[in-house]
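Observations on the model geometry
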Amino acid sequence: MAIDYPDIDIAPLIDHALLNPDATPEQVEKCCQEADRYQFATVCVYPVYVKQAAELLHNKNPKVCTVIGFPTGATTPASKLYEAQEAVDNGADELDVVLHIGGLKAGRTDELYREIAQICDETGQVVKVILETALLTDAEKRVAAEICMDAGAQFLKTSTGWQGGVTVADIRLLKNLTQGQIGIKASGGIRTLEQAFDLVIAGATRLGTSRGPALLRQRDTLEMGNEE
């Protein structure tokens with residue numbers, strides 16, 4: 001039976017993530033090979049694997065993304081800045097920085113602004129701020145979005161995946177808050193092609209998932225079904 005689905009090429013939107021704690025160098029190599037094969041936007045690996053990923057993807061289209069302050073965001077601003085700078089020195093093109101959620105809930109907006117702005121200014125790379133939307137009220141999401149946009153972040157990212165996943169409602173809210181000024185990365189629990197399409201239609205401009213190849217296999221299966 002043919003299935004209707006949007007005419008969206010999601011491969012260039014995918015950050016191909018390998019963020020399980022037991023990730024090995026061999027898995028990083030496979031992740032990079034898959035990113036190159038499918039032409040994903042990036043591979044997203046832990047800082048310890050940035051140099052390896054950068055070497056494997058040298059002169060290839062996928063960029064290297066890493067996580068900063070992951071997964072809680074509760075390290076000091078100085079620690080996050082050092083981690084970000086070291087990652088860039090090792091070849092990272094994009095930085096997914098976890099916001100200090102406790103600081104946001106405590107109303108420490110000036111501190112959060114300085115932390116994000118300093119990372120943006122001193123690394124000069126693409127910064128995506130992870131809001132951990134499952135832990136925030138809509139009012140807190142609004143404040144977080146304003147801080148990140150003012151600080152110079154290029155993306156808002158919904159989730160680490162450790163505290164709940166992305167929802168279409170959150171993507172719609174972030175789209176409304178940002179008005180196209182910066183990108184929106186949906187992440188956490190993206191397991192099906194239908195989910196991916198729904199999130200992109202809602203406003204996501206990047207998708208963080210470890211299941212990129214599986215999503216594209218689902219797409220190929222659908223295309224074959226539609227041709228029958």
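Residues numbered from 1 in each chain as written. Predicted model: local features only at pLDDT ≥ 70, side-chain atom pairs only at ≥ 80, totals over all residues. Heavy atoms only, no water.

Put simply, the test is: UniProt positions are given in the numbering used here, feature names are shortened, and annotations may be inferred rather than shown by experiment.
If you check an unreviewed UniProt entry, the protein chain appears there as Deoxyribose-phosphate aldolase from uncultured Coleofasciculus sp. The UniProt entry for the protein chain carries the following text under Catalytic activity (unreviewed entry): "2-deoxy-D-ribose 5-phosphate = D-glyceraldehyde 3-phosphate + acetaldehyde". If you open the UniProt record of the protein chain and go to Subcellular location (unreviewed entry), you find "Cytoplasm".

**Side note on the overall build of the protein chain**
Worth spelling out the cut-off: Working definition: helices are DSSP H or I runs of at least four residues, strands are E runs of at least two. Numbering for both runs from the N terminus. The method behind every accessible area is Shrake-Rupley, applied with a 1.4 Å probe, and residues are considered shielded solely by the protein chains displayed. Under the convention used here, Asp and Glu are negative, Lys and Arg are positive, and both His and the chain ends fall outside the count. The atoms used to mark charge sites are NZ of Lys, CZ of Arg, CG of Asp and CD of Glu.
Scanning the protein chain from terminus to terminus reveals nine helices and eight strands. In terms of principal-axis extent, the alpha carbons of the protein chain reach across some 60 × 40 × 30 Å. Roughly 10800 Å² of accessible area belongs to the protein chain as shown, and the carbon and sulfur atoms make up 48% of that amount. Positive and negative side-chain charges in the protein chain, numbering 21 and 33 respectively, have mean positions lying 2 Å apart.

**Here's the deal with the packing of aromatic side chains**
This is how it is decided: Think of it this way: a Phe, Tyr or Trp ring, Trp meaning its six-membered ring, pairs with another when their centres are within 6.5 Å, and the plane angle makes it stacked under 30 degrees, edge-to-face over 60, tilted otherwise. Under the scheme applied here, a residue whose accessible area is under 20% of the maximum for its type counts as buried, over 50% as exposed, and between as partly exposed, the area being computed with a 1.4 Å probe on protein chains only. Our definition puts a charge over a ring when NZ of Lys or CZ of Arg is within 6 Å of the ring centre and also within 35 degrees of the ring normal.
A complete count under the given rule lists three aromatic pairs for this structure. With centroids separated by 5.5 Å and ring planes inclined at 25°, the aromatic side chains of Y38 and F40 adopt a geometry described as stacked. Summarising the burial analysis for this pair, Y38 and F40 share the class buried. Both rings, one in Y46 and one in F70, keep their centres 5.9 Å apart while their planes meet at 75°; by these two values the pair is edge-to-face. Taken as a pair, Y46 in the loop between β2 (42-45) and α2 (50-56) and F70 in the loop between β3 (63-68) and α3 (77-89) lie far apart in primary sequence, 24 residues in all. Each member of the aromatic cluster is reached from another via a ring pair, and the members are Y46, F70 and W162. Above the ring of F155, the side-chain terminus of K128 is found at 5.8 Å from the ring centroid.

**Quick word on the packing of α3 against helix α5 (residues 109-123)**
Rule in force here: A fitted line through C-alpha atoms represents every axis, and for helices the fit uses only the stretch in contact; the resulting angles, taken between N-to-C directions, go from 0 to 180 degrees. Each angle gets one of four labels, with under 35 degrees taken as roughly parallel, over 145 as roughly antiparallel, 65 to 115 as roughly perpendicular, and the rest as oblique. Two helices cross in a left-handed way if the nearer one is turned anticlockwise from the farther one by less than a right angle. They cross in a right-handed way if the turn is clockwise. Residue contacts are defined here by distance: any two heavy atoms, one from each residue, within 4.5 Å place the two residues in contact.
Across the interface, α3 lies against α5 with an axial gap of 10 Å and an inter-helix angle of 25°. With respect to each other, α3 and α5 are oriented roughly parallel. The hand of the α3/α5 crossing is right-handed. Two secondary-structure elements touch here, α3 through P77, K80, L81, A84, Q85 and V88 and α5 through E115, Q118, I119, E122 and T123.

**Quick notes on the UniProt feature "active site" (unreviewed entry) in the protein chain**
According to UniProt, the positions carrying the feature "active site" (unreviewed entry) are D96, K157 and K185. Annotated residues spanning 90 residues; largest pairwise C-alpha distance 9.9 Å, indicating a single compact cluster. For K157, the location among the structural elements is in strand β6 (residues 155-157). Residue contacts for K157: discarding those within four places in its chain leaves D96, V129, I130, L131, E132, K185 and S187.

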